[in-house]
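# A structural walkthrough
Residue-level listing of the chains:
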Amino acid sequence: MSVTLQQIAQTAGVSAMTVSRVMHHSPRVSAKTRERVQQAIAALGYQPDPHLARMMTMVRGRKKSRVRAVIAVIRETVPKDALHSSTYQYVPIEDIRRRASQHGYHAEEFWLGKDGLDPARLVGILQARGIEGIIVSPQSSQMLCAQLDYAPFAAATFGFGLTQPSLHRAAGNMNLGIQLAVKELQARGYQRIGLAVTQWVDHRAEGAYSGAMLHVQQAIPLAQRIPVLLFPHNDFSRCRKEFMEWMQRERPDALITFDQHVPDWLQKMGLRVPEDIGLVVHDWTSTMKGYAGIYQRRDHVAAAGVDLVATQLLQNESGVPEVPRQILIPPEWIEGPSVRARQS
């Protein structure tokens, strides 16, 4: 015969509501009471019904959606910060809102640094509005989002830009993306494949760009290996000198890099794309149809980030997690006229 919540409550000397809160990890139960309920659960041999649990989660989700109607998407705006230039791509709000609506939420943007909005004031605004779920999108070198108090919120972040505190995160798997791009370039006969991105791009992917290139280079002849160029400036327009010196020294026949500035720099060097050199955009979007590239599927990254927050809200979880969960979305290779055709 199955054990009921009421039987557990009677054994532990508490209410059925308290038992339910213990089972759903609510912070509203004292450690002493939690231990007493857990002992009663173990003594009675209680086993939850997975079908009933799923149904009750759905019911609770509908109730909460009326109260917690908004998931806050926290961006950063810092005057003259190079990371706000069009060189860098971020998860679009449209993709976030599309997934949030499927969970019954509306996604609303809040801009740290805009009109004097600092982390403490933003936390106060969110709490005053009853917003308990947030998604953080780091977009400045000052990392204002690192200064937020995450204790009251179910939180997740995009990418690896925010290292501390370490939240649940959704990101593109750029280790896989670089390996995929190199494989496609090799299939087209390219032998000296170079990677040139800014330090921030590599940092945002937790070293996945440089790490993947170092990995694939172990399988090619030493003469074909090209050192990764990590530009020292986030303002990519200032990196022309470093780029041209690296190009003249290493002589790559294919590049994985940005769609901005690089084509002009190559043209000034007398190099034609793709006749003289192949060009792959490291972060391809639909506006870059003139290039081959690595498509990071930000719509799926957005969905995964929203799912992480929505799950925490359903489970009454908040604060910085003890063990952060990471969801990595595999990128896709995009064909384009900036590389030559595959060899038969």
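Above this note sits the structure.
The structure displayed is predicted, hence computed values, not measured ones.

Here we take up the sheet that holds strand E5 (residues 168-172). Across the sheet, six strands lie side by side as E2-E1-E3-E4-E5-E11; this open sheet has parallel pairing. Each edge of the open sheet is held by one strand with a lone partner, namely strand E2 (106-112) and strand E11 (326-329). Taken over all neighbouring pairs, the strand axes of this sheet differ in orientation by 20° on average, direction set aside. With seven bridges connecting them, strand E1 (residues 70-76) and E2 associate as parallel partners. Bridge pairing links Val70 to His106 in E2. Against the sheet, helix H6 (residues 119-128) engages E1, E2 and strand E3 (133-136), with an angle of about 155° to E2.

Let us look at the packing of helix H1 (residues 5-12) against helix H3 (residues 31-44). Interhelical geometry of H1 versus H3 gives an angle of 120° and a closest axis separation of 9 Å. Viewed along their axes, H1 and H3 adopt a mutual orientation that is oblique. The interaxial crossing formed by H1 with H3 has right-handed handedness. On H3, the residues that touch Gln7, Ile8, Thr11 and Ala12 of H1 are Arg36, Val37, Ala40, Ile41 and Leu44.

What follows concerns the environment of Ala69. Residue position: Ala69 is located in the loop between helix H4 (50-67) and E1. Classification of Ala69 as partly exposed rests on a relative accessible area of 33%. Once the C-alpha coordinates of Ala69 and Tyr105 are considered, the two residues, 36 residues apart in sequence, prove to be 4.9 Å apart.

Calculation rules
Residues numbered from 1 in each chain as written. Predicted model: local features only at pLDDT ≥ 70, side-chain atom pairs only at ≥ 80, totals over all residues. Heavy atoms only, no water. Pairing = 2+ DSSP bridges. Helix = DSSP H or I, 4+ residues; strand = E, 2+ residues; numbered from the N terminus. Axes fitted to C-alpha atoms, helices over the stretch in contact; angles between N-to-C directions. Contact = heavy atoms within 4.5 Å. Parallel < 35°, antiparallel > 145°, perpendicular 65-115°, else oblique. Left-handed = near helix turned anticlockwise from the far one by under 90°. Buried < 20%, exposed > 50% of the residue type's maximum accessible area, 1.4 Å probe, protein only.

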